[in-house]
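Below, each chain spelled out in residue letters.
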Amino acid sequence: MTGGMSASLVRTMEECGVTVADFFELGMRELSVALHTDISFQDLDRQQALVRARKEMQFVERHGLRILFITDDDYPMLLRETPDAPLLLYVLGNANLNAAPAFNVVGTRRCTAYGMKFASQFVKDMQAYYPDATVVSGLAYGIDAAAHSAALECGMRTVAVMAHGLDMIYPAPHRDLAKRIIAAGGALVSEYPAGVRPFQRNFLQRNRIVAGMCELTVVAESEVRGGAMSTANQAFSYSREVVALPGRCTDVTSSGCNALIARQKAHIFTGIADVISLMGWEIPAIGSKVSVPTPASLFPELEGDAALIYDYFRRKGGAPSIDEVHQATHIPMPNLMSTLAELEFDGVLTRLPGARYELS
């Protein structure tokens with residue numbers, strides 16, 4: 001509540017053995033000597049901060065919120081590593097904000113069916129490997145809502161980071177989604193006290209928390225100036241991994257993702273297996289790091305239509321169309337489409353423009 005207070009100053013206080021109580025009780029000269037640096041906070045500002053804090057505590061206790069200070073054990077460790085970490089988080093819900101792995105899925109509010117389907121499918125595919133993972137997003141329309149909803153559908157924990165105080169929900173139509181997140185063991189998180197409205201600048205500030213809490217940022221769709229771009233750029237500045245879904249160069253909603261890939265700020269999304277390999281995450285059931293699957297290692301595991309399709313691609317070479325595969329294998333088209341999709345998600349095949357496929 002004290003203007004001018006920062007994460008770096010709190011870290012300095014820790015290093016010098018200066019407590020929060022000392023900050024409010026000692027004079028400025030004593031504090032400066034103890035911290036080995038010149039600081040200047042008015043006595044009136046510090047007194048008013050205590051008054052505001054006591055008022056805020058009444059709201060916190062009345063509504064059952066948790067308060068996580070930057071030095072608390074429960075404060076998100078990944079976020080604490082960032083240079084501009086918020087000093088304090090208000091949390092509604094019981095989610096463990098240090099559960100791993102944690103990834104976010106972000107994107108434009110004005111998304112297409114392509115982006116919505118990807119966001120939902122990415123979460124569900126990750127759940128197959130990491131059912132205890134945490135999905136983070138911002139509760140906005142479009143991609144954010146798709147990611148939260150997919151997490152709830154497949155029983156994953158999800159956390160929504162808000163750009164306002166927790167005395168309200170924005171956008172209002174997502175009140176039910178917010179309730180479902182909390183009921184499912186997730187949480188709503190904000191750095192803002194009660195009464196702070198969702199001003200535009202708050203969303204940009206919020207995005208650094210979305211990026212900072214996670215090891216991985218996934219951008220589904222975004223314009224070049226979209227809000228998701230700030231999340232991706234923040235993640236990149238924190239040396240976190242960023243993955244972006246590519247799109248056609250004529251699609252405005254994919255222009256941001258394409259730009260991130262072109263500027264080498266994001267890896268191009270090519271499949272779940274590649275993402276897991278990029279992150280070096282271990283699969284709990286196996287206990288070993290996953291590597292990008294190769295046809296040689298996958299072939300013995302393929303059966304039925306999948307084995308038939310793989311054998312055709314290995315003999316044929318090139319990038320045959322779906323019709324060519326159908327004519328060669330005589331697999332019924334519905335089964336063929338389903339099996340091709342499974343092989344693509346497993347990293348065996350890569351889909352190309354023009355409804356063609358090739359071996360990965």
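That block above? That's the structure.
Owing to the predicted nature of the structure, the values given are computational and were not obtained by experimental measurement.

## Quick word on the pairing of strand β3 (residues 102–106)
Of all the five residues making up β3, five are buried; the element is thus mostly covered by neighbouring parts of the structure. A two-sided burial pattern is seen for β3, the buried positions comprising Ala102, Asn104 and Val106 on one face and Phe103 and Val105 on the other. Note: β3 against strand β4 (residues 134–137), three bridges, orientation parallel. Note that in β4 the partner of asparagine 104 across the bridge is valine 136. Regarding topology, helix α6 (residues 113–129) serves as the crossover connection from β3 to the parallel β4, and that connection is right-handed. Note: β3 against strand β7 (residues 216–219), four bridges, orientation parallel. Residue pairing in the sheet places valine 106 in a bridge with valine 219 of β7.

## Here we look at helix α10 (residues 227–237)
Taken as a whole, α10 has its buried residues at Ala228, Met229, Ser230, Thr231, Ala232 and Ala235. Residues of α10 that are buried in the fold lie against β3, α9 (200–212), β7, β8 (241–244) and α11 (255–262). Within two residues after α10, serine 239 carries a phi angle of roughly 60°, on the positive side.

## A closer look at the pairing of strand β5 (residues 157–161)
Burial within β5 is extensive, with four of its five residues counted as buried. By the bridge criterion, four bridges tie β4 to β5 in an arrangement that is parallel. The residue bridging valine 135 from the neighbouring strand is threonine 158, located in β5. Traced from β4 through helix α7 (residues 143–153) to β5, the parallel crossover comes out right-handed. Sheet topology places β5 next to strand β6 (residues 187–190); three bridges connect them, and they run parallel. Bridging from a neighbouring strand, valine 159 pairs with alanine 187 of β6. In this region the chain leaves β5, passes through helix α8 (residues 175–183) and returns to the parallel neighbour β6; the handedness of that crossover is right-handed.

The rules behind these values
- Residues numbered from 1 in each chain as written.
- Predicted model: local features only at pLDDT ≥ 70, side-chain atom pairs only at ≥ 80, totals over all residues.
- Heavy atoms only, no water.
- Buried < 20%, exposed > 50% of the residue type's maximum accessible area, 1.4 Å probe, protein only.
- Helix = DSSP H or I, 4+ residues; strand = E, 2+ residues; numbered from the N terminus.
- Pairing = 2+ DSSP bridges.
- Right-handed = clockwise from strand over helix to strand, strands pointing away.
- Contact = heavy atoms within 4.5 Å.

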